[in-house]
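One letter stands for each residue in the lines below.
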Amino acid sequence: MFKNALVYRIGSWNPPTLAELEERLAGARFLECAATQMESAGWVEPRGERHGALAESIGGHWMLTLCTESKAVPGAVVRRQLEEQLAKIEAETGRRPKGKQAKELKEQIVHTLLPRAFAKRASIPVWIDVSARLVVIGAASAKKADAVVTRLVELLGGGIVMRPLQTELAPATAMAGWLSDKEAPAGFSIDRDCELKQPDSEKAAVRYARHTLDIDEVAEHIAQGKLPTQLAMTWSSRVSFVLTETLTLKKLKMLDVVLEGAGSTGKREDQGFDADVAIVTGELGPMIVDLVNALGGELAREPGVPAGAGAARPAANNEPLAA
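Participant: Quick question: what am I supposed to make of unusual backbone geometry here?
Facilitator: Peptide bonds are mostly trans, and most non-glycine residues show a negative phi. Although it is not a glycine, Arg210 sits at a positive phi angle of roughly 50°. Tracing the chain through its elements places Arg210 in the loop between strand S9 (205-208) and helix H6 (216-223). Residues other than glycine seldom take positive phi values, yet Ser237 does so here, at roughly 60°. Turning to its location among the elements, Ser237 is positioned in the loop between strand S10 (227-235) and strand S11 (239-244). The exposure class of Ser237 is exposed, given its relative accessible area of 55%.

Structural data, given as structure tokens:
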């Protein structure tokens, strides 16, 4: 359900009812691209069932899915046709179009080719933990996640304020300390993939793949000024992921102990989507709490904004996110 994740803090909000949210989502339902439309985005059913609910509430967690579709015309085709038209006009008039005229010709070519372009579709899951005032967006880049946030702010209303979750310790600083000390934070283990970069114009990089990181060489790179930008980790032997310098969680994966535990109850097979949501929220929620704790707690903001998952204590595996 979530292969990547970016976490946002809700600063203040008067949430709508689930029925109100459903009505708003219906007004922004996904429609596929028209013949000459390059992009389209809208909300679809999280369960994947046609004409189903657009907002699902499972155990107090709201689940939404944003669907995006885009069309792209191969640049080489556009350039070739543009060159042919420019050459034709030059032969007929003795002048080769430039600037604005050439740009308009290019746009006409793209417009003509769009109906024949293949559409690429993607889905972005969104998890809203109303009680904890957290939003988890299943995207790997801040650009994609911010586009979803813009839509959420318009959709959710109620004076909602959303900001990327920030911690007292920068992830790069914390990761450098863990690698230098050869010691993972409480509740976590360091795996065998890492990327280190020099924070200068050259961006010299060193990457380790499927390689033990408990070696002096890694600490030496850090001593020389390189900072970790990605580090593979495992939480409580239950969830593996890659932590980035921007606090993005990539390559999220529930480990066998989680899936086997869910399968042994029979709930995952019987309930499908509901069971998957229960697994995701039950595992990622406490993991985010522990990760924020490992990064020094949530960065304090202006008075009145809840600090959220601070460094108070580690969470039990099924404990909900702290508010």
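We are not done yet, so read on.
Participant: What am I meant to see in the sheet that holds strand S8 (residues 188-197) here?
Facilitator: The strands that make up a sheet pair up through hydrogen bonds in the backbone, lying either parallel or antiparallel. The five strands are arranged S9-S8-S10-S11-S12 in an open sheet whose pairing can be described as antiparallel. Only two strands of the sheet have a single partner each, and these edge strands are S9 and strand S12 (249-254). Between one strand and the next, the sheet's axes are offset by a mean angle of 15°, whatever the strand orientation. Both S8 and S9 contribute to a ladder of four bridges, which runs antiparallel.

Participant: What is the right way to read empty space enclosed by the protein from this model?
Facilitator: Once rolled over the atoms, a probe with the size of a water molecule shows which space is left empty. Overall, the coordinates contain one cavity of 30 Å³ or more when judged by the stated rule. Size it by volume and the largest cavity reaches roughly 60 Å³. Residue contributions to the lining of the largest cavity peak at three residues, all from helix H9 (residues 273-294). Partitioned by chemical class, the residues of the lining of the largest cavity number seven nonpolar, no polar and no charged.

Participant: Please explain the packing of helix H5 (residues 171-181) against H6 as it appears in this structure.
Facilitator: In a pair of packed helices, the angle between the axes and the distance between the axes together describe the arrangement. Packing of H5 against H6 leaves a shortest axis separation of 8 Å and a crossing angle of 140°. Our classification of the angle between H5 and H6 gives oblique. Note on packing geometry: the crossing formed by H5 with H6 is left-handed. Contact residues: H5 offers Ala176, Leu179 and Ser180, while H6 offers Val218, Ala219 and Ile222. Of the residues assigned to the contact of H5 with H6, the class counts are five nonpolar, one polar and no charged.

The rules behind each value
- Residues numbered from 1 in each chain as written.
- Predicted model: local features only at pLDDT ≥ 70, side-chain atom pairs only at ≥ 80, totals over all residues.
- Heavy atoms only, no water.
- Helix = DSSP H or I, 4+ residues; strand = E, 2+ residues; numbered from the N terminus.
- Buried < 20%, exposed > 50% of the residue type's maximum accessible area, 1.4 Å probe, protein only.
- Pairing = 2+ DSSP bridges.
- Axes fitted to C-alpha atoms, helices over the stretch in contact; angles between N-to-C directions.
- 1 Å grid on protein atoms, 1.4 Å probe; cavity = no way out; pocket = protein on both sides within 12 Å on 5 of 7 lines; lining within 4 Å.
- Points joined across faces, edges and corners; volume = space filled by probe spheres on them.
- Nonpolar A, V, L, I, M, F, W, Y, C, P; charged D, E, K, R; others polar.
- Parallel < 35°, antiparallel > 145°, perpendicular 65-115°, else oblique.
- Left-handed = near helix turned anticlockwise from the far one by under 90°.
- Contact = heavy atoms within 4.5 Å.

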